[in-house]
Amino acid sequence: MEKENILAEEVKAKSGYTISLVIVACIILLLIGVGCYFYLNFGESRNPYINIIDLLSNEVIEVIEESEKRLNKPLQSESDVSFELNSDSPEFSEIANILNKLNLKVNMQVDMNSKTANMNLGVLYNKENMVNADLILDSTDVYANLNELYDKKIKISADGVEEICGMYDYASYKIIVEEFTNILKNNLKEEYFVSKKETIEVLGKKIKATKHSMTLNGVDIYDLEQRILSEIETKENLMEALVNVSGMTAEEIKDSLATAKEELIVDENKIIVFEIYLNRRNVEKFSVKEDEEELLSLNKLKENEFEILIKEDEEIISLGSVILNDDEIKLVIDYEELSITCEKSDTSAYLKAEAEDNVVEIKTNINDNNVNGYIRIVSTADDMDLKVNFKNGVKEIDQVDSVNVNNYIELEQMTDDDYTSIMEALYQNNAVMTLMQDVMSSSILNNTY
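Just so it is clear, the model here is predicted, and its values are computed rather than measured.

Enquirer: Would you take a moment to explain the overall build of the protein chain for this structure?
Expert: A tally of helices and strands in the protein chain yields ten helices and 20 strands. Counting the 449 residues in the protein chain, one finds 36% classified as buried. Relative to all contacts within the protein chain whose residues are 6 or more apart in sequence, the contacts with residues 24 or more apart total 47%. Put simply, the protein chain shows about 27100 Å² of open surface, and 51% of that area lies on carbon and sulfur atoms.

Right, dumping it as structure tokens:
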């Protein structure tokens, strides 16, 4: 019994630590997005926390409207994926010999208004077509065309089509963001906020700043969550939008809200304080305190650059830094054995994460409607360096090409003879046979290294 109690305490402690990390991560992401330049958009008389909510909401709505504008017309996209695996180890060298010959091509036409789409998937091996298949969405029906492998189109279940289309219901997404923004703002009581003048030291100089505090105790947090969950259910347009994009019924959403309210607990001893120090329109410092102890803070290192400090095991340690300019954001995290670098501009994004002997690297470049980049995974211990290159181009078209789907068979009606016929045709493909020969002549299946 004692061991079980100890284990339970350890799980509880780890869960609490994980939740804290998630909260900290969310705060950092929020600040990266808007926290250190939002104030350029508002006067000093406004509540900075409302400023953050408004600006974040406006940024999200702007992205939604841009996406809605793009998908409001028929589009055609062309994508290409290739692989580069390098290794001196016998195991990965043989895998590289096969993987580096693979190439994926996806061409798609889509019209979300008419719910029609054509997608062609091409898998090449050693520059020869191995698979060439089409997926056709005709309003509510979905067909697969295996081209040279089978002489009929295959009508497959259309389950999920409405859910997929709901994923692109941008009008509903916009309603959700606007309504959640209003609900949150309406439920943040004036009594949570206090502003006062203070003199603080920044970069070795004493400056006058306004400290804007938001204080929430355990009861406040519980009441805030209860009010928000209750108000969601009363907003008819919000509920309708949630139904449109979630694939759930209104009753299912109400049941989820009721369950969420039942699971809320009150921690009467908890007090969380957020503090933003502003000098005119400049953010000089930001901190989060729990029970009067500072959990996280951003301290200015120089103009537009802040050091990220967190509390761990009763000590304040540096987590890294964040640089925010009008056209560029750079985040550097250096925590124990984990190192993360993240950079974003209007035309590119870069992420690199290192932990012990492993590296993950993601790079994207955006030029008009074209996106290209790579994902790279490196393991020094395994002597493996994998790079996945991708390219994607999008353009507007007049309409989705019409495809004749009269000659089809229901998937459920296909017999063993049909599947045998497909396999026999597959074995006649030169690229497939080359792939099988390469695999059989290697030690991959035997795994003898």
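Enquirer: What is the right way to read the packing of helix 7 (residues 236–246) against helix 8 (residues 250–262) from this model?
Expert: Angle between the axes and distance between the axes: these two values describe a pair of packed helices. Across the interface, helix 7 lies against helix 8 with an axial gap of 9 Å and an inter-helix angle of 105 degrees. Taken as axis vectors, helix 7 and helix 8 run roughly perpendicular relative to one another. Residue-level inspection shows Met239, Leu242, Val243 and Ser246 of helix 7 in contact with helix 8, the latter providing Ala250, Ile253, Lys254 and Leu257. A class-by-class count of the residues in the contact of helix 7 with helix 8 yields six nonpolar, one polar and one charged.

Enquirer: Quick question: what am I supposed to make of the packing of helix 2 (residues 48–71) against helix 5 (residues 170–187) here?
Expert: Between helix 2 and helix 5, the shortest axis-to-axis distance is 9 Å and the interhelical angle comes to 175 degrees. Between helix 2 and helix 5, the angle falls in the class roughly antiparallel. From helix 2, Ile50, Ile53, Asp54, Ser57, Val60, Ile61, Ile64, Glu65, Ser67, Glu68 and Leu71 reach across to helix 5, where they touch Tyr170, Ala171, Tyr173, Lys174, Val177, Glu178, Thr181, Leu184 and Lys185. Tallied by class, the residues present in the contact of helix 2 with helix 5 amount to eleven nonpolar, three polar and six charged.

Enquirer: Please clarify how the pairing of strand 12 (residues 305–312) should be interpreted in this entry.
Expert: Successive side chains on a regular strand alternate, one facing one side of the sheet and the next facing the other. The buried fraction of strand 12 is high, at six of eight residues. Hairpin remark: strand 11 (residues 293–302) followed by strand 12, antiparallel, with two residues in the connecting loop; positive phi at Asn304, about 70 degrees. As paired elements, strand 12 and strand 13 (residues 315–324) share eight bridges and run antiparallel to each other. Along strand 13, the bridge assignment pairs Ile308 with Gly320. What sits between the antiparallel neighbours strand 12 and strand 13 is a turn of two residues, in which Asp313 has the positive phi angle 50 degrees.

Enquirer: It is not clear to me how the nonpolar core should be interpreted in this structure. Could you clarify?
Expert: Soluble, globular proteins show a tendency: their nonpolar side chains are buried together. Within the largest apolar cluster, 42 residues are counted, with the highest numbers of intra-cluster contacts made by Leu188, Met214, Ile232, Phe274, Ile276, Phe286 and Ile308. Top element by residues in this core is helix 7. It accounts for five residues. Aside from chain neighbours lying at most four places away, what touches Leu188 is Ile50, Ile53, Phe193, Met214 and Leu224. Membership of the second largest hydrophobic core comes to twelve residues, among which are Ile64, Val110, Ala117 and Leu137.

Enquirer: So what exactly am I meant to see when it comes to a nonpolar patch on the surface here?
Expert: Together, Met423, Tyr427, Met433 and Met436 line one region of the surface with nonpolar side chains, adding up to about 340 Å² of accessible area. Mapped onto the elements of the fold, Tyr427 is located in helix 9 (residues 416–427). Judged by relative accessible area, Tyr427 falls into the partly exposed class, the value being 41%.

Enquirer: Can you help me understand the side chain of Glu231 in this one?
Expert: Locating Glu231 in the fold gives a position in helix 6 (residues 218–234). Owing to a relative accessible area of 18%, Glu231 belongs among the buried residues under this scheme. Separated by 3.0 Å, the side chains of Glu231 and Asn187 make a polar contact. In contact with Glu231, other than residues within four places in its own chain, are Ile183, Asn186 and Asn187.

Enquirer: What's the story with helix 10 (residues 430–441) in this structure? I'm lost.
Expert: Over its twelve residues, helix 10 extends 16 Å from the first C-alpha to the last, a length consistent with the 16 Å expected when each residue adds 1.5 Å. Here helix 10 has its buried residues at Ala431, Val432, Leu435 and Asp438. Along helix 10, the residues classed as buried sweep out an arc of 130 degrees about the axis, all on the same side. Exposed residues pointing more than 90 degrees away from the buried face of helix 10 are listed as Asn430, Gln437, Met440 and Ser441. Near the N-terminus of helix 10, the side chain that reaches the backbone nitrogen of Ala431, with its oxygen 2.8 Å away, is that of Asn429.

Enquirer: So what exactly am I meant to see when it comes to the pattern of salt bridges here?
Expert: Where charged atoms from two side chains of opposite charge come close, those side chains can pair. A complete count under the given rule lists 19 salt bridges for this structure. Of the charged contacts in the structure, one is a salt bridge between Glu354 and Lys352, with a shortest N-O distance of 4.0 Å. For Glu354, a relative accessible area of 33% puts it in the partly exposed group. Among the ionic pairs, Arg376 bridges to Asp385, the shortest N-O distance being 2.7 Å. Each of the salt bridges in this network shares a partner with another, and the network as a whole consists of Lys196, Glu198, Lys211, Glu275 and Lys289.

Calculation notes
Residues numbered from 1 in each chain as written. Predicted model: local features only at pLDDT ≥ 70, side-chain atom pairs only at ≥ 80, totals over all residues. Heavy atoms only, no water. Helix = DSSP H or I, 4+ residues; strand = E, 2+ residues; numbered from the N terminus. Buried < 20%, exposed > 50% of the residue type's maximum accessible area, 1.4 Å probe, protein only. Contact = heavy atoms within 4.5 Å. Areas by Shrake-Rupley, 256 points an atom, 1.4 Å probe, with all protein chains shown as cover. Axes fitted to C-alpha atoms, helices over the stretch in contact; angles between N-to-C directions. Parallel < 35°, antiparallel > 145°, perpendicular 65-115°, else oblique. Nonpolar A, V, L, I, M, F, W, Y, C, P; charged D, E, K, R; others polar. Pairing = 2+ DSSP bridges. Core = buried A, V, L, I, M, F, W, Y, C linked by side-chain atoms within 4.5 Å. Patch = residues over 30% accessible without salt bridge, like charges linked within 9 Å, V, L, I, M, F, W, Y side chains within 5 Å. Salt bridge = Lys/Arg side-chain N within 4 Å of Asp/Glu carboxyl O. Polar contact = N/O pair within 3.5 Å; in protein donor to acceptor, adjacent residues only side chain to side chain. Expected span 1.5 Å × (residues − 1). Arc of directions from axis to C-beta.

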